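What follows is each chain in one-letter form.
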Amino acid sequence: MINSVIKTRKKAAKEDKKTVLLVINCLQGGGAERVVLTLGQGFHELGYDVHILRFKPRVEYEINPKLNYHFLNFKRYKLIPKLERRDKFFSIIVDRYVSKYIGKPDLVLSNLDRADSVLSHSRMDNIVHIIHTTLSLLHKNKSLSDYQKKSALARIYSKNRCVCVSNGVKEDFIGIFGSTMPTTTIHNPIDRDSIQKLANAFVPELQNYIIHVGSFKEAKRHDVLIRAYAKTDQSLPLLLLGKGKLKDSMKELVTELGLKEKVTFLGFHDNPFPYIKHAKFKVLTSDREGFALVIAESLALGTPVISTDCQSGPSELLPKNNLMPIRDIDAIAEKLSLAMNNPERFSSEFDKALLPTTVAKKYIDFVHE
């Protein structure tokens, strides 16, 4: 009898618990993927039942056992002709799966273009698209006219609320669609306690170095960084942490500029934080960022940061003194030299408004406005 009462109470407590569903294509090695896991932790700490649904099996991050994980294989539906028809059909599969295995979520957070396209056809309530980057710079399909690109994006983002991860992303979003859609800015969450704990996992063998963390892709502009670094006295070695299709060409550039003894390619690490913590400073030379997650993570560890002043992200996290013009190799070289000489001059405070529960509450408030 007592056991029966306990089970009934537990079932009732679970039914009373609110549910949030976060949807993303995969959980491999990207900033948005890490944001999903951190935001999920924030909702868990607020007492939510948290579910994360992905469309690809690969996982490269440590999984929080307190959250619930689901996988629906999108690959098997790729034979369906036409992207919009395929996503519309897959949205039916997603809705059925969620209804059967999760129930009726109180909040659904969609992340990145695949999930956004699929969930734009969903019949679930309280869907919010999280816009992680500047859409005008991301969608540069030269085979489509500006009108066609805008129409394609409008079909996706006009049906639900949208949250932009920085004011720069929001300005870009409004520049495309106007201010008719329910849109706000909510910065990405940073789990400072977890990051600080991970940063103590080991001490790198190398000491007194500059760190850059990011995938080897065009937007990160490793080429600009390497060319600017070549113009300094290289008094501190440069460590490049990440992977990507441009890695080999960047190695060739390093060799061409005679920097093989000064530049180290660390590869991808699922825990980059010890390298960030022990760096003299962090550098970012991107043409494009959404929020610039690695800047906020570096500040959580007390590591100074200098960054290009790209369209969105860095200027909302760093003082003007820490910013550099994009693609300006001479200006970046000058700032690198100043930072190598006196890193502490570029120290900045971590903003506690970025803590996971605070950010999760902002999502709840936005949906209930």
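That block above? That's the structure.
Report on the accompanying structure.

Calculation notes
Residues numbered from 1 in each chain as written. Predicted model: local features only at pLDDT ≥ 70, side-chain atom pairs only at ≥ 80, totals over all residues. Heavy atoms only, no water. Helix = DSSP H or I, 4+ residues; strand = E, 2+ residues; numbered from the N terminus. Rg over C-alpha atoms; globule rule 2.2 N^0.38 Å. Buried < 20%, exposed > 50% of the residue type's maximum accessible area, 1.4 Å probe, protein only. Contact = heavy atoms within 4.5 Å. Areas by Shrake-Rupley, 256 points an atom, 1.4 Å probe, with all protein chains shown as cover. Lys, Arg positive; Asp, Glu negative; His and termini not counted. Charge placed at Lys NZ, Arg CZ, Asp CG, Glu CD. Phe/Tyr/Trp six-rings, centres within 6.5 Å; stacked < 30°, edge-to-face > 60°. Lys NZ or Arg CZ within 6 Å of the ring centre and 35° of its normal. Pairing = 2+ DSSP bridges. Core = buried A, V, L, I, M, F, W, Y, C linked by side-chain atoms within 4.5 Å. Salt bridge = Lys/Arg side-chain N within 4 Å of Asp/Glu carboxyl O.

1. Structural notes on the overall build of the protein
Okay, step 1: Check the secondary structure of the protein and you find 14 helices and 13 strands.
Okay, step 2: Relative to the compact-globule value of 21 Å for 369 residues, the protein shows a C-alpha radius of gyration of 22 Å, a close match.
Okay, step 3: Its C-alpha atoms give the protein principal-axis dimensions of about 75 × 60 × 40 Å.
Okay, step 4: Classification of the 369 residues of the protein by burial places 51% in the buried group.
Okay, step 5: Counted over contacts in the protein with a minimum sequence separation of 6, partners at least 24 positions apart contribute 69%.
Okay, step 6: Here the protein has roughly 18200 Å² of accessible surface; of this, 48% comes from carbon and sulfur atoms.
Okay, step 7: Within the protein, one finds 56 positive and 41 negative side-chain charges whose respective centroids are separated by 7 Å.

2. Focus: the packing of aromatic side chains
Okay, step 1: Inspection of every chain in the model, using the stated rule, returns eleven aromatic pairs.
Okay, step 2: Judged by centre distance (5.2 Å) and plane angle (50°), the rings of Tyr-77 and Phe-90 are tilted. On the criterion of sequence distance, the pair formed by Tyr-77 in the loop between strand 3 (68-71) and helix 3 (83-101) and Phe-90 in helix 3 is long-range, its members being 13 residues apart.
Okay, step 3: You can call Tyr-77 buried: its relative accessible area is 16%.
Okay, step 4: For Phe-90, a relative accessible area of 0% gives the class buried.
Okay, step 5: Cluster of aromatic residues (ring-pair linked, three or more members): Phe-55, Phe-74, Tyr-77, Phe-89 and Phe-90.
Okay, step 6: The side chain of Lys-243 reaches across the aromatic face of Phe-268, ending 5.2 Å from its centre.
Okay, step 7: Against the face of Phe-265 rests Lys-251, its NZ or CZ located 5.6 Å from the ring centre.

3. Description of the sheet that holds strand 9 (residues 238-241)
Okay, step 1: Ordered in space as 10-9-8-11-12-13, the six strands form an open sheet in which the pairing is parallel. Only two strands of the sheet have a single neighbouring strand rather than two, namely strand 10 (263-267) and strand 13 (323-324).
Okay, step 2: For strand 8 (residues 210-213) and strand 9, the ladder comprises four bridges, and the chain directions are parallel. Bridge pairing links Val-213 to Leu-241 in strand 9.

4. Focus: the nonpolar core
Okay, step 1: Phe-43, Leu-109 and Tyr-363 are the most contacted members of the largest nonpolar core, which has 69 residues in total.
Okay, step 2: The residues touching Phe-43, leaving out its near neighbours within four places in the chain, are Val-20, Tyr-48, Val-50, Leu-107, Leu-109, Ala-360, Tyr-363 and Ile-364.
Okay, step 3: One finds Ile-226, Phe-265, Val-283 and Ile-332 within the second-largest nonpolar core, a separate group that totals 26 residues.

5. Structural notes on the pattern of salt bridges
Okay, step 1: Counted under the stated rule, the structure contains eleven salt bridges.
Okay, step 2: The partner of Arg-114 in a salt bridge is Asp-87, with the nearest N and O atoms 3.0 Å apart. Placement of Arg-114 in helix 4 (residues 112-119) and of Asp-87 in helix 3 is noted, with a sequence separation of 27 residues between them. Asp-87 carries the same exposure label as Arg-114, and that label is buried.
Okay, step 3: Ionic pairing is found between Lys-220 and Glu-289, a salt bridge with its closest N-O pair at 2.7 Å. One end of the pair, Lys-220, is in the loop between strand 8 and helix 9 (222-230); the other, Glu-289, is in the loop between strand 11 (281-284) and helix 12 (293-300), and 69 residues separate them in sequence. In terms of burial, Lys-220 and Glu-289 fall into one category: buried.
Okay, step 4: Three or more residues are tied together by salt bridges with common partners; here these are Arg-221, Asp-223, Asp-287 and Arg-327.

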